[in-house]
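# Summary of the model geometry
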Amino acid sequence: SQQGEEDPQALSIQEGENATMNCSYKTSINNLQWYRQNSGRGLVHLILIRSNEREKHSGRLRVTLDTSKKSSSLLITASRAADTASYFCATALRSQGGSEKLVFGKGTKLTVNP
Amino acid sequence: GAGVSQTPSNKVTEKGKYVELRCDPISGHTALYWYRQSLGQGPEFLIYFQGTGAADDSGLPNDRFFAVRPEGSVSTLKIQRTERGDSAVYLCASSSLGGTPLHFGNGTRLTVT
């Protein structure tokens, strides 16, 4: 089963605009991560935010986390055509035996038009 | 190696056959994950290894699916009596510790005809 739900499912914007994607989850988490996937390729890690953090930045990426609402958002500023990809949130859950596993949402498909 | 390597990149098999999918993780990574991804969906968790043992196999859909990692490095996902519904991209990922950022391979696209 999948823990996270991204919103919107698809987003189309013009180059230079900002893109905001949201993720909601159901259970307590240790951290939340965002990944990017280009068509036909594996996923690439973008950014990790811990459960005790509220906001994190990395280059043109800004991630927020609201544990009371069980939600996160990913903002990509000044988007480029090369940002076109699918974006997934993944929550790190305490697994059986005390280890952690990552559970992914269904993703947001972002298209940035030149 | 430089990254996570999965072989084969594509596999076409007939319904009822047995298949093995291989994953070679980044050297030194103790955590290894298998996911399955259908078209338009997110990766679905299958199994997670910490070292040689399966720390969590709760995502394996049924007893036709089995995975091993005998020496704590290379892992093999085995599917018996394949069904058309098994068609998907099977992704492998590794990390230095469970829960830390994953490094993904490019996946094996399995097609069951």
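In what follows, the structure referred to is the one given above.
Notes on the structure in this doc start here. Computed from a prediction, not measured in an experiment: that's the story for all the values here. (Residues numbered from 1 in each chain as written. Chains lettered and ligands numbered in written order. Predicted model: local features only at pLDDT ≥ 70, side-chain atom pairs only at ≥ 80, totals over all residues. Heavy atoms only, no water.)

### Details of the state of the cysteines
Per the counting criterion, the structure on display carries two disulfides over all chains. What pairs with C23 of chain A in a disulfide is C89 of chain A, and their sulfur atoms sit 1.9 Å apart. As the torsion about the S-S bond is roughly 65 degrees, the C23 of chain A-C89 of chain A disulfide counts as right-handed. Note that C23 of chain A is positioned in strand β3 (residues 19-24) and C89 of chain A in strand β9 (residues 85-94), a separation of 66 residues in sequence. Given the relative accessible area of 1%, C23 of chain A is considered buried. Exposure remark for C89 of chain A: the relative accessible area of 0% places this residue in the buried category. Residue pairing for C23 of chain B: its cysteine sulfur links by disulfide to C92 of chain B, the two sulfurs lying 1.9 Å apart. Disulfide C23 of chain B-C92 of chain B: the torsion about the S-S bond is -65 degrees, which places it as left-handed. Here C92 of chain B lies in strand β9 (residues 88-95) and C23 of chain B lies in strand β3 (residues 19-24), a separation of 69 residues in the sequence. Residue classification places C23 of chain B among the buried positions, given a relative accessible area of 0%. (Disulfide = S-S within 2.5 Å. Helix = DSSP H or I, 4+ residues; strand = E, 2+ residues; numbered from the N terminus. Buried < 20%, exposed > 50% of the residue type's maximum accessible area, 1.4 Å probe, protein only.)

### Digging into the sheet that holds strand β7 (residues 61-66) of chain A
Residue and element names in this part refer to chain A. Ordered by their spatial adjacency, five strands build an open sheet running β1-β3-β8-β7-β6, and the pairing between neighbours is antiparallel. Across the chains shown, the open sheet's two edge strands, defined by having one partner strand only, are β1 (5-7) and β6 (55-58). Direction aside, neighbouring strands of the sheet carry axes that sit 15 degrees apart on average. Summarising the sheet, β6 and β7 pair through four bridges and their orientation is antiparallel. The residue bridging K56 from the neighbouring strand is V63, located in β7. (Pairing = 2+ DSSP bridges. Axes fitted to C-alpha atoms, helices over the stretch in contact; angles between N-to-C directions.)

Nothing here speaks to function; it is all geometry.
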